[in-house]
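Structural features, examined
Chain by chain, the residues run as shown.
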Amino acid sequence: MHVPAAPSAPDGPGFFLSFEGGDGAGKSTQLHLLARWLRDTLGREVVTTREPGGTTLGVELRNAVLHGEDVDPRTEALLYATDRAHHVHTVIRPALERGAVVLTDRYLDSSVAYQAGGRELSAAEVEDLSLWATGGLRPQLTVLLDLDPDIGRGRLTGAPDRLERAGDDFHSRTRQAYLERARTAAADGRQPWLVVDASRPVDEIQSEIRAHVAVALGLAP
Ligand code: TYD
């Protein structure tokens, strides 16, 4: 597959940050606390969004992939990549071009962790598919909320979706794939990762994330 050269920075002056981690790790709580701080204290325009389901089409794709009929791993990877392509084109790039800080609950590295790590497709192929889908857009920083999947499962409410039902081995492969991705990011020339122990109290985790984001935004040494 031909993949265009992947710029590590977006086109505009904005800042693009992804939150990653297993189900129940607390991504959306941390994302919204960070968004409030960036808006209220720093006066930045902040766009909060998520995958799958950050657009109207994405909501339909989310429903299909999480609650629809069973599909094979390649179909699943393509559904997530389709959601991502449309999300980047209609929400993320325009916001970055306006200079906004974009905080997304999951992005490309979810596909590498779940469809490659979990479903055991090739990591390089899954990554290339997403890079093709997004025209090469990578985040500038990724926050990984790392948590034992047993603890994450205990925090979930409601009936489990297709991915949550994928089993213990699947979720432990997903966690290992994330940690490996964080460990090799610098050597592979990918975006920097902040790996946070998500079993700690919410406010402690948030302080660590804010300190790191302040440096990434050039607000602290
Ligand atoms: P999420 O919205 O985090 O779940 P919830 O709202 O139930 O907390 O993500 C939905 C599921 O989709 C989650 O199990 C991870 C999975 N997923 C992938 O497998 N690949 C992907 O590329 C993405 C974005 C999510």
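So, here is what we can say about the structure in this document. (Residues numbered from 1 in each chain as written. Predicted model: local features only at pLDDT ≥ 70, side-chain atom pairs only at ≥ 80, totals over all residues. Heavy atoms only, no water.)

Things to note about the packing of aromatic side chains
What counts is decided by this rule: Centres within 6.5 Å are what make two rings of Phe, Tyr or Trp a pair, Trp counting through its six-membered ring; a difference in plane orientation under 30 degrees is then read as stacked, over 60 as edge-to-face, and the rest as tilted. Numbering of helices and strands runs from the N terminus; a helix is a DSSP stretch of H or I covering at least four residues, while a strand is a stretch of E covering at least two. Each residue is assigned to one of three classes by its accessible area relative to the maximum for its type, calculated with a 1.4 Å probe on protein chains only: buried under 20%, partly exposed between the two thresholds, exposed over 50%.
Summed over the entire model, instances satisfying the criterion amount to three aromatic pairs. Seen from their ring centres, Phe16 and Tyr107 are 4.9 Å apart, and the 80° between their planes marks the pair as edge-to-face. With Phe16 in strand S1 (residues 15–21) and Tyr107 in the loop between strand S3 (101–105) and helix H4 (108–118), this pair connects stretches of sequence that are 91 residues apart. Each member of the pair, Phe16 as well as Tyr107, carries the same accessibility label: buried. In this structure an aromatic cluster arises from ring pairing among Tyr114, Phe170 and Tyr178.

Considerations on the layout of surface pockets
Using the following cut-off: Whether a set of points on the 1 Å grid over the protein atoms alone is a cavity depends on a 1.4 Å probe fitting there but being unable to get out, while an open set qualifies as a pocket with protein on both sides within 12 Å along at least five of seven lines; lining residues are those with an atom within 4 Å of a point. Grid points are joined across faces, edges and corners, and a volume is the space filled by probe spheres set on the points. Any residue that is not Ala, Val, Leu, Ile, Met, Phe, Trp, Tyr, Cys, Pro, Asp, Glu, Lys or Arg is counted as polar, Gly included; the first ten are nonpolar and the last four charged.
What the largest pocket holds in volume is close to 680 Å³. Around the largest pocket sit 32 residues that line it, and Asp23, Lys27, Arg62, Arg106 and Glu164 are the ones nearest its centre. Elements with a contribution of two residues or more to the lining of the largest pocket: helix H1 (27–40), strand S2 (46–50), helix H2 (56–67), helix H3 (73–98) and H4. Among the elements that take part in the lining of the largest pocket, H1 stands out by supplying five residues, more than any other. Each residue belonging to the lining of the largest pocket can be placed in one class, and the counts come to ten nonpolar, eleven polar and eleven charged.

Quick notes on empty space enclosed by the protein
Inspection of every chain in the model, using the stated rule, returns one cavity of 30 Å³ or more. Empty space within the largest cavity amounts to approximately 220 Å³. Together, 19 residues line the largest cavity, and Gly22, Asp23, Leu147, Pro149 and His171 are the ones closest to its centre. When residues of the lining of the largest cavity are traced back to their parent elements, those giving at least two are strand S4 (141–146), helix H6 (149–155) and helix H7 (168–184). In terms of residue count, H7 provides more of the lining of the largest cavity than any other element does, four residues in total. The residue makeup of the lining of the largest cavity, split by class, is eight nonpolar, five polar and six charged.

Considering the site of the ligand
In plain terms, the rule: Near, as used in this document, describes a residue that has one of its heavy atoms within 4 Å of the molecule or strand being considered. Each polar contact in these results corresponds to two N or O atoms within 3.5 Å; when the atoms are within protein, one needs to be able to donate a hydrogen and the other to accept it, and residues that are neighboring in sequence are counted only if both atoms are side-chain atoms. Computed by Shrake-Rupley with a 1.4 Å probe, the accessible areas treat only the displayed protein chains as cover when residues are assessed. Molecule-in-pocket calls rest on the fraction of atoms, with more than half required to lie within 2 Å of the cavity or pocket grid points.
By nearness alone, 16 residues border the ligand, and Arg62, Tyr80, Arg106, Ser111 and Gln115 come closest of all. Interatomic distance of 2.6 Å between a side-chain N/O atom of Ser111 and an oxygen atom of the ligand. Within the side chain of Glu164, a nitrogen or oxygen atom sits 3.3 Å from an oxygen atom of the ligand. Contact with the protein chains covers 88% of the free accessible surface of the ligand, which is 550 Å². One can see that the ligand is located within the largest pocket. Taken together, the elements giving at least two residues each to the shell around the ligand come down to H2, H3 and H4. Among the elements that line the shell around the ligand, the one with the most residues is H4, at four residues.

Quick look at the pairing of S3
Quick note on the threshold: Strands are labelled as partners when DSSP assigns at least two bridges between them.
Across the five residues that make up S3, a large majority, five, are buried. Neither face of S3 is open: one carries Val101, Leu103 and Asp105, the other Val102 and Thr104, and all of them are buried. The sheet contact formed by S1 and S3 spans five bridges and is parallel. Considered in S3, the bridge of Phe19 is made with Asp105. Inspection of the sheet shows S2 paired to S3 by five bridges, in the parallel sense. Bridge assignment links Thr48 to a residue of S3, and that residue is Leu103.

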